[in-house]
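One letter stands for each residue in the lines below.
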Amino acid sequence: MKSSLKKLLIVGIITELIIFLISYYLHPELNETFRYAARYSGRLSLMIFLLSFYLYTVSFPKPLKGNIQLQNFIKLFAILHVIHFCFLATNVYLNNIELVPIKLLGGFLAYLMIVIAPFKLHSVSLAKQLIYFYYVSLVMVLTYVARVKGDFEGAEPFWFHYFSLIVLILCCIVFGWMVYINKNRQEGGSYN
């Protein structure tokens, strides 16, 4: 099982490197390289997060502890999102982007949860696991809402922002419904 995580990490890190190299090739000014690397790295993180959330919901309410595939994707998401954070922080620095402290607090908490999740998520209650997935989803939804509203310096609203926002909201609803159904099925089955 360790080899599958290793393969996922290698593919993920190579994908991040490719994102950076393509960003550099298309936008060789470093401030623009990091702006685009952060943007597309964030989209990769979104896909890995949604896959992790999906894997969680289809196995709910089985313990996360025994689900190696899900644990591997949570680790992959954490590592790739740290790489995304590095691109993002460099973008903010190089482009002198003004930060709003209250918005930083919510994002900081999400990053903290993402980094801690591979080590602690399997050992907390199902309710706390759901809080993790829904809080990270909320921060991503708010990020795309800001993009749609044009609140991101250097990024005009784009069809992908609307699409991602809709997908995130739909996934939260559908995944929540799946969790509810699986929980009821589990509780109904325990009486037989």
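Criteria and cut-off values
Residues numbered from 1 in each chain as written. Predicted model: local features only at pLDDT ≥ 70, side-chain atom pairs only at ≥ 80, totals over all residues. Heavy atoms only, no water. Helix = DSSP H or I, 4+ residues; strand = E, 2+ residues; numbered from the N terminus. Buried < 20%, exposed > 50% of the residue type's maximum accessible area, 1.4 Å probe, protein only. Contact = heavy atoms within 4.5 Å. Phe/Tyr/Trp six-rings, centres within 6.5 Å; stacked < 30°, edge-to-face > 60°. Axes fitted to C-alpha atoms, helices over the stretch in contact; angles between N-to-C directions. Parallel < 35°, antiparallel > 145°, perpendicular 65-115°, else oblique. Left-handed = near helix turned anticlockwise from the far one by under 90°. Nonpolar A, V, L, I, M, F, W, Y, C, P; charged D, E, K, R; others polar. Lys, Arg positive; Asp, Glu negative; His and termini not counted. Salt bridge = Lys/Arg side-chain N within 4 Å of Asp/Glu carboxyl O. Core = buried A, V, L, I, M, F, W, Y, C linked by side-chain atoms within 4.5 Å.

Asker: Please clarify how the side chain of asparagine 91 should be interpreted in this entry.
Answerer: Residue position: asparagine 91 is located in helix 3 (residues 68–94). Here asparagine 91 falls in the buried class, since its relative accessible area comes to 7%. Ignoring sequence-local partners within four residues, the contact set of asparagine 91 consists of Asn31, Phe34, Arg35 and Ile97.

Asker: For this particular structure, what's the right way to read the packing of aromatic side chains?
Answerer: The relation between two aromatic rings is expressed through the spacing of the ring centres and the mutual angle of the planes. For the coordinates displayed, the defined rule picks out 20 aromatic pairs. Ring pairs connect the aromatic residues Phe49, Phe53, Tyr54, Tyr56, Phe60, Phe77, Tyr132, Phe133, Tyr134 and Phe175, which therefore count as one cluster.

Asker: Sorry, what's going on with the packing of helix 2 (residues 30–59) against helix 3 here?
Answerer: Packed helices, taken two at a time, are described by their axes: the angle between them and the distance between them. Between helix 2 and helix 3, the least distance of the axes is 8 Å, while the angle of their chain directions is 160°. It follows from the interaxial angle that helix 2 and helix 3 lie roughly antiparallel. Judged by the sense of rotation from one axis to the other, the crossing of helix 2 with helix 3 is left-handed. Class assignment for the residues of the contact of helix 2 with helix 3 results in 20 nonpolar, eleven polar and one charged.

Asker: Could you clarify how one ought to interpret the side chain of arginine 43 in this entry?
Answerer: Along the polypeptide, arginine 43 turns up in helix 2. Buried arginine 43, no salt bridge; nearest opposite-charge side chain is glutamate 16, N-O distance 12 Å. Ignoring sequence-local partners within four residues, the contact set of arginine 43 consists of Tyr144, Phe158, Phe160 and His161.

Asker: Explain the nonpolar core here, please?
Answerer: Counting residues in each nonpolar core, the largest one holds 41 residues, and the members touching the most others are Phe49, Phe77, Tyr132 and Phe133. The set of elements that each furnish at least two residues to this core consists of helix 1 (2–26), helix 2, helix 3, helix 4 (101–120), helix 5 (126–149) and helix 6 (159–189). Looking at this core, the element that brings in the most residues is helix 2, giving eleven residues. For phenylalanine 133, the contacting residues outside a window of four places in its chain are Phe49, Ser52, Phe53, Tyr56, Ile74 and Leu121.

Shape is all these values report; function is a separate question.
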